[in-house]
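Commentary on secondary and tertiary structure
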Amino acid sequence: MHRYPKPKMKNQYSPNLSARIPFGLRGQELLSIEEVPRGLACDCRCPACGARLMAKKGAKQAHHFAHYRGSACPGALETGLHLKAKEVFESVRRVAVPSVYLYRQTVPIFEAQLLHFERVRLEQHLGKVVPDIILEAGTKRLLVEIYVSHSSGEEKARKLKKLGLSAIEIDALGIYRKLISAFGQFRTSAFERELVHGLEHKRWLFNDKQQRIEYKLRKQAAERPVKHRNYKGYHSYIVPGCPLEKRRWRSGFRGGEPFADLWQDCLYCHRCFEVIYKKAIAGFAEVPQEPLAVRCWGHLPLPKAVGWGRSV
Ligand SMILES: [Zn+2]
């Protein structure tokens with residue numbers, strides 16, 4: 001088999017990313033690669049390990065800092081992006097947040113919007129969590145997690161849920177990669193714009209309003225019993241009285257009444273919270289048996305969040 005040589009692309013994102021840092025520290029000041037002269041004259045140190053940096057501003061690759069001696073410094077990019085993101089939010093005090101959807105809904109309870117804040121606090125304890133950034137306006141607050149190497153995950157979301165604190169997560173490394181592939185160079189202004197106004201690399205870790213509305217809906221939801229039906233040897237599970245009127249009996253004494261097929265309708269229905277099964281213990285595990293009921297909120301109107309104004 002003939003193999004073509006890999007085409008060498010100029011200024012492409014390289015997997016050897018951690019060795020290339022867009023920021024260096026001069027004293028307490030975090031400088032980006034655009035602001036410093038070439039080579040050792042940049043007079044910068046690594047934000048992670050404190051080693052001397054060299055500004056590489058050649059024609060081939062995206063401009064970056066590299067360690068003068070030694071190379072492997074896994075935390076350099078992470079620390080740099082972290083520091084920069086904090087610095088940006090401290091000076092700008094605004095952040096665009098993505099829209100919030102209830103479970104299985106396609107219409108958001110509130111749209112993506114730009115929120116304004118009065119104060120910024122960095123890495124302070126809030127109960128059991130230490131968020132990267134806390135944005136505050138009056139008594140309301142929004143936590144911001146900057147993630148570079150790993151996402152916060154479910155553990156964090158559970159803690160936030162307990163404390164009732166809304167939080168978004170920003171993928172700073174994703175933004176960095178996007179900028180490098182779009183412009184071939186790191187640009188501080190573009191990074192700031194994407195960090196504050198962009199939505200692509202943000203997601204809600206936890207939203208308190210969503211949680212409250214879903215909790216209320218769950219309480220108001222109806223538990224509709226599931227009935228087994230055997231019609232001419234054809235077995236099915238049906239839910240009589242479906243409020244969304246998925247199907248209707250065509251004839252018989254129930255002719256005209258609505259129902260739903262559990263597997264074909266309810267399982268995929270956007271107004272179904274869960275299917276409740278009869279449980280049996282096998283070993284130490286609870287094993288679901290036949291379905292008993294569905295938790296359905298088809299009879300309730302679609303809620304909308306109120307009071308989420310221009311600021312959190
Ligand atoms: Zn370093």
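Residues numbered from 1 in each chain as written. Predicted model: local features only at pLDDT ≥ 70, side-chain atom pairs only at ≥ 80, totals over all residues.

**Side note on the nonpolar core**
For clarity, the threshold we go by: Buried Ala, Val, Leu, Ile, Met, Phe, Trp, Tyr and Cys residues form a nonpolar core when they are connected through C-beta atoms within 7 Å. We call a residue exposed when 12 or fewer other C-beta atoms sit within 10 Å of its C-beta, buried when the count reaches 20 or more, and partly exposed for counts in between; the C-beta positions come from the backbone. Those domain boundaries reflect an automatic or database domain assignment. For the purpose of contact definition, each residue receives a C-beta atom placed from its backbone, and two residues are in contact when these atoms lie within 7 Å.
Of all hydrophobic cores here, the largest spans 45 residues; its most connected members are Leu135, Val144, Ile146 and Ala172. When residues of this core are sorted by domain, at least three fall in each of domain 1 (17-76) and domain 2 (77-215). Not counting the four nearest positions on each side in its chain, Val144 is found in contact with Phe89, Val95, Pro131, Asp132, Ile133, Leu135, Ile168 and Ile170. Core analysis: the next-biggest nonpolar cluster, separate from the first, contains 13 residues, Ile238, Phe259, Cys269 and Val294 among them.

**A short note on the packing of helix H1 (residues 76-92) against helix H4 (residues 188-197)**
Rule in force here: Only the stretch in contact is used when a helix axis is fitted, and all axes are lines through C-alpha atoms; the angle between N-to-C directions ranges over 0 to 180 degrees. Where helices and strands are cited, they refer to DSSP runs of H or I of at least four residues and of E of at least two residues respectively, numbered from the N terminus. Comment on the angle field: the value is read as roughly parallel under 35 degrees, roughly antiparallel over 145, roughly perpendicular from 65 to 115, and oblique elsewhere. Left-handed describes a crossing in which the near helix is turned anticlockwise from the far one by less than a right angle; the clockwise case is right-handed. Throughout, the ten residues Ala, Val, Leu, Ile, Met, Phe, Trp, Tyr, Cys and Pro are labelled nonpolar, Asp, Glu, Lys and Arg are labelled charged, and all others, Gly among them, are labelled polar.
Contact geometry for H1 and H4: axes closest at 10 Å, N-to-C directions at 70°. Looking at the two axes, H1 sits roughly perpendicular to H4. Seen along the crossing, H1 lies across H4 with a hand that is right-handed. Each of Ala85, Val88 and Val92 in H1 lies in contact with H4, whose residues at this interface are Glu192, Leu195 and Val196. Among the residues forming the contact of H1 with H4, the class breakdown is 5 nonpolar, no polar and 1 charged.

**Overview of the sheet that holds strand E11 (residues 202-206)**
Convention followed: Should DSSP find at least two bridges between two strands, the strands are regarded as paired.
Overall, mixed pairing links the 5 strands, which are arranged E7-E8-E9-E10-E11 in an open sheet. Where the open sheet ends on each side, the last strands, each with one partner, are strand E7 (119-122) and E11. The mean angle between the axes of side-by-side strands here comes to 25°, regardless of whether they run parallel or antiparallel. Sheet topology note: the E7/strand E8 (residues 133-137) ladder contains 4 bridges and is antiparallel. Among the inter-strand pairings, Leu122 is bridged to a residue of E8, identified as Ile133. Strands E7, E8, strand E9 (140-147) and strand E10 (167-171) of the sheet are contacted by H1, whose axis makes an angle of about 155° with E9. Against the sheet, helix H2 (residues 153-163) makes contact with E10 and E11, and its axis sits at roughly 55° relative to E11, the strand it touches most.

**A closer look at unusual backbone geometry**
With a phi angle near 55°, Asp43 is a residue other than glycine that sits in the positive phi range. According to the C-beta neighbour criterion, Asp43 is partly exposed, with 14 such atoms within 10 Å. A positive phi angle is found at Glu245, which is not glycine, with a value near 50°. Residue placement: Glu245 occurs in the loop between strand E14 (234-240) and strand E15 (247-248).

Everything listed here is a matter of coordinates, which is why it stays silent on function.
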